[in-house]
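Geometric and topological summary
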Amino acid sequence: MGKVPVGILGITGTVGQRFAQLLRDHPRFVVVAVGASERSAGTTNSDTGLVVTTCDPKHFAKCVLVFSALDSNVAGDVEAAMADAGIHVLSNAKNFRMDPAVPLVVPTVNTDHLDMLLRFKERSAGKGFIITNANCASTGIVVPLKALLDRFGPITQLHVVSQQAISGAGYPGVPSLDITENVVPFISGEEDKMETEPQKILGPGFNGTQFVHDPVMKISATCTRVPVIDGHLMHVSLQFQRAGKPSVAEIEACLAEYTSEAQKLKCHSAPSRAIVVRTEANRPQPRLDRDAERGFAVSVGRVRECPLLDFKFTALVHNTILGAAGSSVLNAEVALAKGLF
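A brief report on the enclosed structure follows. (Residues numbered from 1 in each chain as written. Predicted model: local features only at pLDDT ≥ 70, side-chain atom pairs only at ≥ 80, totals over all residues. Heavy atoms only, no water.)

1. Focus on the sheet that holds strand β14 (residues 311-317)
In plain terms, the rule: Strand pairing follows a simple DSSP-based rule, namely that at least 2 bridges must link the two strands. Numbering of helices and strands runs from the N terminus, with a helix taken as a DSSP run of H or I at least four residues long and a strand as a DSSP run of E at least two residues long. Axis definition: a line fit to C-alpha positions, over the contact stretch in the case of helices; interaxial angles, taken between N-to-C directions, run 0 to 180 degrees. Contacts: residue pairs with any heavy atoms within 4.5 Å of one another.
Overall, mixed pairing links the six strands, which are arranged β10-β7-β11-β14-β13-β12 in an open sheet. With partners counted over all chains shown, the strands left at the sheet margins are β10 (218-225) and β12 (275-278), one partner each. Put simply, the sheet's adjacent strands are angled 20° from each other on average, direction ignored. Of the pairings in the sheet, the one linking strand β13 (residues 298-305) to β14 comprises five bridges and is antiparallel in character. By the bridge assignment, Val300 is partnered in β14 with Ala315. This element, helix α4 (residues 136-152), spans β7 (155-164), β11 (232-240), β12, β13 and β14 of the sheet and lies at about 30° to β11.

2. Describing helix α7 (residues 248-257)
Convention followed: For the exposure calls, accessible area comes from a 1.4 Å probe over protein chains only, and a residue counts as buried if that area is under 20% of its type's maximum, exposed if over 50%, partly exposed in between. Taken from the helix axis, the directions to the C-beta atoms give the arc we talk about.
Restricting attention to buried positions, one finds in α7 the residues Ile251, Cys254 and Leu255. Buried residues in α7, looked at end-on, bunch into an arc of 95°, giving them a common side. Looking at the buried positions of α7, the neighbouring elements they touch are α4, β11, β12, β13 and β14.

3. Quick notes on the sheet that holds strand β6 (residues 130-132)
Strand order across the open sheet formed by six strands is β3-β2-β1-β4-β5-β6, with parallel pairing between neighbours. One side of each edge strand has no neighbouring strand; the edge strands of this open sheet are β3 (52-54) and β6. The average undirected angle you get between the axes of adjacent strands in this sheet is 30°. With four bridges connecting them, strand β4 (residues 65-68) and strand β5 (residues 88-91) associate as parallel partners. Bridged to Leu65 within β5 is His88. Of the strands in this sheet, β1 (4-9), β2 (29-36) and β4 touch helix α1 (residues 14-23), which is tilted by about 160° from β1. Contacting β1, β4, β5 and β6, helix α2 (residues 72-84) crosses the sheet at an angle of about 150° to β5.

4. Section: the nonpolar core
What counts, and what does not: Note on terminology: a nonpolar core comprises buried Ala, Val, Leu, Ile, Met, Phe, Trp, Tyr and Cys residues joined through side-chain atoms within 4.5 Å.
Phe29, Phe67, Ile141, Leu148 and Val160 are the most contacted members of the largest nonpolar core, which has 80 residues in total. The dominant element in this core, judged by the number of residues it contributes, is helix α10 (residues 321-337), at 10 residues. In contact with Phe67, other than residues within four places in its own chain, are Val6, Gly7, Ile8, Leu9, Phe19, Leu23, Phe29, Leu90, Ser328, Val329 and Ala332. Core analysis: the second largest hydrophobic core is formed by 17 residues, Phe60, Leu70, Ile87 and Phe96 among them.

5. Some words on the layout of surface pockets
Spelled out, the test is: The rule is simple: put a 1 Å grid over the protein atoms alone, call a set of points where a 1.4 Å probe fits but cannot get out a cavity, call an open set with protein on both sides within 12 Å along at least five of seven lines a pocket, and count a residue as lining if it has an atom within 4 Å of a point. Grid points are joined across faces, edges and corners, and a volume is the space filled by probe spheres set on the points. Under the scheme applied here, ten amino acids are nonpolar (Ala, Val, Leu, Ile, Met, Phe, Trp, Tyr, Cys and Pro), four are charged (Asp, Glu, Lys and Arg), and all others, including Gly, are polar.
Its boundaries defined by the atoms lining it, the largest pocket holds a volume of some 1,200 Å³. Contributing to the lining of the largest pocket are 43 residues, with Ala69, Leu70, Asp71, Ser72 and Gly170 lying nearest its centre. For the lining of the largest pocket, the secondary structure elements donating two or more residues are α1, α2, α6 (190-201) and α10. Taken together, the residues that form the lining of the largest pocket break down as 15 nonpolar, 20 polar and eight charged.

6. Some points on the pattern of salt bridges
This is how the line gets drawn: We count a salt bridge whenever a side-chain nitrogen from Lys or Arg sits within 4 Å of a carboxyl oxygen from Asp or Glu.
For the structure on display, the rule yields 14 salt bridges. Notably, a salt bridge pairs Arg97 with Glu197, separated by 3.1 Å at the nearest N-O pair. Of this pair, Arg97 sits in the loop between β5 and α3 (116-123) while Glu197 sits in helix α6, placing them 100 residues apart in sequence. With respect to burial, Arg97 and Glu197 carry one shared label: buried. Here Asp289 ties to Arg283 by a salt bridge, and the two come within 2.7 Å at their closest N and O atoms. Among the residues examined, Asp289 registers a relative accessible area of 5% and is labelled buried. Connected through salt bridges with shared partners, the residues Arg278, Glu280, Arg283 and Asp289 form a single ionic network.

7. Things to note about the state of the cysteines
Stated formally: By definition, disulfides here are pairs of cysteine sulfur atoms that lie within 2.5 Å.
Taken as a whole and judged by the stated rule, the model has zero disulfides. Summary of cysteine pairing: Cys254 is not part of a disulfide, and the nearest cysteine sulfur, belonging to Cys306, is at 18 Å.

8. A few points about the packing of aromatic side chains
Definition in use: Only the six-membered ring of Trp is used, alongside the rings of Phe and Tyr, when aromatic pairs are assigned; centres must lie within 6.5 Å, and planes under 30 degrees apart are stacked while those over 60 apart are edge-to-face, with the rest tilted.
Taken as a whole and judged by the stated rule, the model has six aromatic pairs. Seen in terms of ring centroids, Phe19 and Phe67 are 5.3 Å apart; in terms of plane orientation they differ by 35°. Their pairing is tilted. In this pair, Phe19 is assigned in helix α1 and Phe67 in strand β4, connecting sequence segments 48 residues apart. With a relative accessible area of 0%, Phe67 lands in the buried category. Ring centres 6.4 Å apart and planes at 70° place the aromatic pair Phe240 and Phe311 in the edge-to-face group.

The structure is reproduced here in structure tokens:
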């Protein structure tokens, strides 16, 4: 079986470079084109050996799909042009995430939301579809939340405080004098994403017109930047709708036993464990746990009762793998397994 020809948009950035790493020697995809700004066009990309072009669809005509690591300032127009040219787009950018007719998918959570694209495929001959993945910090909480929702029912309240790594700011990132020996208690736009994206991801799916959001869950988020290179930590407190709450042991078992559709489909990048439960008092930690399952798992620890809500826990996600490029790649693998291209 031949490999699917793909392209990378935004190849020179942090996430673009991660795409190149994840797609190197991939068994189902081969990178045949890479794009970036006009400033980089004409140079040779060291990760792929390909000459960088501008992100014009004519340079990606051989691609069945493109992985987008573009900045949101330009991603919207470029990704729409690619889709109009018949090229499928797997996007890490925020521009189409909350579009009511575009799937927002975390590959170990809600790949069933991709099924609506089978109808798109029938109705939109000649057009490419757009699949978005979530904000890096949102990704880290929805994986354990999905496991808990499936077993224990609706969650009514959720409070989360994030400690987000500097690589999440992209390149060139946070100025060194701002982050060295410091914590920045604000990240522009992050709190809004964390308070809205999980409601779409964890909602019941597409109703024929739009994606329906979770009707019950209310989220309050505080997002901070910390002097860690990779790995976002999220401290979560939550309240179930049900009257009788489960035990800590039942919560931990639920998380450890959770299996996603991507795993069942045996996709190349799928982790053997979507959630790694740490029972040590001082885990997870970014330096020790961010690479669990090659960066495709969420590590969860410090599960305990909460004196205000029902339970609280700490979750860790590798922000440039499952939290960014890895989600797009695994989403593409699931889409291929489902026959979407």
